[in-house]
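One letter stands for each residue in the lines below.
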Amino acid sequence: MSEVVSYNREGNIGVITVNYPPVNALGQAVRSGLLAALEQGQKDAEAKVLLLVCEGRTFIAGADIREFGKPMQEPTLPTLVNTFENSDKPLVAAIHGTALGGGLETALSCHYRVAVSSAKVGLPEVKLGLLPGAGGTQRLPRLTGAQKALEMITTGEFVGARDALALGILDAVEEGSDIRAVGLAYAQKVADEGKPVRRVRDITDKIEADKGSDVFDQFREELKKRARGLFSPFKCVDAVEAAFNLPFDEGMKRERELFMECMDSPQRAGLIHSFFGEREVSKIKGLPKDTPVRDVKSVGIIGAGTMGGGIAMNFVNVGIPATIVEVKQEALDKGLAIIRRNYENSAKKGKLTQEQVEQRMALITPSLTYDDFRDVDLVIEAVFENMAIKKEIFAKLDEVCKPGAILASNTSTLDIDEIASATKRPEDVVGMHFFSPANVMKLLENVRGSKTSDEVKATVMAVAKKIKKVGVMVGNCYGFVGNRMLHKRGTEAMALVDEGATPQQVDKVLTDLGFPMGQFAMSDLAGIDVGYRIREERRNAGQDVPASWMDKLAEQGRLGQKTQAGVYKYEEGSRKPVPDPEVEQLIEAFRKEQGITPREITDQEILERCMYVMINEGAKILEEGIADRPLDIDIVWIYGYGFPAYRGGPMFWADQEGLDTILAAVKKYQDTVGGEQWKPAALLEKLVSEGKTFGDL
Ligand code: 3HC
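Residues numbered from 1 in each chain as written. Predicted model: local features only at pLDDT ≥ 70, side-chain atom pairs only at ≥ 80, totals over all residues. Heavy atoms only, no water.

A. Layout of the UniProt feature "domain: 3-hydroxyacyl-CoA dehydrogenase NAD binding" (unreviewed entry) in the protein. Under the present numbering, the feature "domain: 3-hydroxyacyl-CoA dehydrogenase NAD binding" (unreviewed entry) in UniProt falls on residues 299-476. Strand forms 21% of residues 299-476 and helix 41%; the C-alpha atoms that close the span are 23 Å apart. (UniProt positions renumbered as here; feature names shortened; annotations may be inferred. Helix = DSSP H or I, 4+ residues; strand = E, 2+ residues; numbered from the N terminus.)

Okay, structure coming up:
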């Protein structure tokens, strides 16, 4: 028998134990081990009931995702679950941690399921571009009916043990932490009461009740809005529907066919790249795993604006008190009122109780003096982008804060080393770039300065995890990883409109690619004044920044959503961008002023110029070591800018597009459009000449 699965008997219970850290995934060794253990249990005359239980932190968390994309090895999961279900001795699954995907499917192939109350179950395959491929789409609806099965399978959301019990997925929920003891007690009950083998495949009342229901079509309609551009959610509905239209064995076959279609789809590859990428980014090159991490038990935040307030919420949400400092009482009151309103809104939606709202508010200390930062472990400055002001602030922090406190800036573009130079402790200074709205967006771009200590780097990455963000460590340069690439795309998008495209045409190409919003809708959300101020500052610094029709918008006070007019116009209370003939006229006038004769611009040109310019910049970012790996860039874009996860992030997408195709286009635009942004990155040229991809780095 394999080492990862063992069999032993306790009294008249045959116990099959899986021990395959970290999450008992169903790799080949586990699958074959489980079959061997089952066989042993069947042959063991003393064993009346068999129990499946897992060691470590969790029940089986699913198929082994690392095996996907490789040739499938026997025994397959469907074989495993069918063999389990066919056992002629009653089989009990004892669940702790998370029974997910193939893990839950294995549990569903057992005859009884008991769990501890902290356990969760779910079929999250859809999040990986898949559908449950080992009977989940056929067995779950037999227990829950169509509606709930469709919800669970198309969202991939987990369900807590008590809810799972109410839904009929579990047979019992017990308090306690010793899963083996809980499982043994339940199995003993099954043995003592002489409970029979009970196969989910044979439970048909819910199938009969929902046969012919229009719930499937309703779900497909709903998915057109909720899962725009995605492949597998629709296949999930097809598979669940098969449970209602076909006999069990044929339903299983249909599920398998649909599963293989998903497995072969590029979306599956992109989503699995994102899954591992999200975990891989926490491992920083050159930073030893045992680097000490400072304890962050309290934070200080400078600025109670939208950013500062959102940042504070992240900390108090996990019980870390935050002191917010502002210059004026009025600004402080306004900021706190917004935080309270956000929490009250969550309470209205039932996500928080009123008591929790008060608890969180009580963790915030408003203040008008930096003296209140004396004891905090981390300060995050979130004032507007002005180097002189930031340096002044950091010099003050240096005087006030205790030794060992981390001094962070939420700057989205400015030089961390220059900010650090205002202090006598540059090793404690770091960038922590949050994305707006800071209490919602999952990305935290942590920026290392040239003198930032390893301990501080490790700590800010640990802080990201603590506040439930995805932290990515990047190097120091103008705009870091995300905004540096975004600015290139923005400049190109503006130029495309100069040359003849409409803003809505540019935005549509990007939303068709899967972005939640286009470049110009995003500018309206962020505020047209933001980009304007940056361009003006660069002009004042003597840089060659050409005039733009967007400057005119800012000068006319069309600042975006906040003034109900920017690149688009907005109805009162609506965030839906509506093309505005006034802007068309403004663009036409600008073209005349600049002597530009507009031309027809194809969607393909928009795609190439907006996206390839980013890929070329991404390659430069890698060359310069600003990002350690292509996946760091991918994760920044997925979690900070809504790059569709199913395309795996920009660098992963670029590999699919073909780096030779991209390089050829970059060279073409270098000749036709010009500008340093179209100078081919040396890394891109090197990869193409060697026939390699970003994935090979
Ligand atoms: N296969 C292989 N490795 C896995 C894995 C899986 N299914 N699930 C997690 N891991 C790895 C992670 O990559 C990570 O590895 P690392 O330490 O080397 O980075 C390690 O296990 C721990 O994972 P997390 O850091 O995510 O730990 P958490 O405790 O935060 O979360 C979890 C645990 C909730 C189980 C989470 O890892 C998770 O959601 N895993 C994916 C579950 C899933 O999607 N299952 C369905 C798989 S598809 C399937 O079953 C197909 C079937 O229907 C045929």
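Next comes the rest of the write-up.
B. Representation of the nonpolar core in the model. By size, the foremost hydrophobic cluster in this structure holds 95 residues, and its most contacted members are Phe373, Leu397, Phe520, Trp549, Met611, Trp637 and Phe694. Sorting elements by how many residues they give to this core places helix α25 (residues 603-623) first, with 11 residues. Residue contributions to this core reach at least three from each of two domains, namely domain 2 (299-476) and domain 3 (501-594). Aside from chain neighbours lying at most four places away, what touches Leu397 is Ile302, Tyr370, Phe373, Val379, Leu407 and Arg425. Residues Ile65, Val121, Ala227 and Met263 belong to the second largest nonpolar core, which totals 88 residues. (Core = buried A, V, L, I, M, F, W, Y, C linked by side-chain atoms within 4.5 Å. Buried < 20%, exposed > 50% of the residue type's maximum accessible area, 1.4 Å probe, protein only. Domains from an automatic or database assignment. Contact = heavy atoms within 4.5 Å.)

C. Looking closely at the packing of aromatic side chains. Enumeration over the complete set of coordinates arrives at 10 aromatic pairs. Between Phe515 and Phe643 the ring centres are 5.3 Å apart and the planes differ by 85°, which places this aromatic pair in the edge-to-face class. Note that Phe515 is positioned in the loop between α20 (503-513) and α21 (519-526) and Phe643 in the loop between α26 (630-641) and α27 (650-657), a separation of 128 residues in sequence. No difference in accessibility class separates Phe515 from Phe643, as the two residues are buried. Here the aromatic rings of Tyr612 and Trp653 are separated by 6.2 Å at their centres, their planes lie at 45°, and the arrangement is tilted. Highlighted residues: Tyr612 in helix α25 and Trp653 in helix α27, separated in sequence by 41 residues. Across the pair, Trp653 and Tyr612 agree in class, each one buried. Ring pairs connect the aromatic residues Phe435, Phe515, Trp637, Tyr641 and Phe643, which therefore count as one cluster. (Phe/Tyr/Trp six-rings, centres within 6.5 Å; stacked < 30°, edge-to-face > 60°.)

D. Spatial organisation of the site of the ligand. The full set close to the ligand counts 27 residues, and Arg57, Gly102, Glu105, Glu125 and Arg279 are the nearest of them. Glu125 places a polar side-chain atom, nitrogen or oxygen, 2.5 Å from an oxygen atom of the ligand. For the ligand, whose unbound accessible area comes to 980 Å², protein coverage reaches 77%. Elements supplying a minimum of two residues to the shell around the ligand: β5 (98-100), α3 (102-108) and α12 (266-280). Per element, the largest residue contribution to the shell around the ligand is three residues, and it comes from α12. Residues that form the shell around the ligand fall into these classes: 15 nonpolar, five polar and seven charged. (Near = heavy atom within 4 Å. Polar contact = N/O pair within 3.5 Å; in protein donor to acceptor, adjacent residues only side chain to side chain. Areas by Shrake-Rupley, 256 points an atom, 1.4 Å probe, with all protein chains shown as cover. Nonpolar A, V, L, I, M, F, W, Y, C, P; charged D, E, K, R; others polar.)

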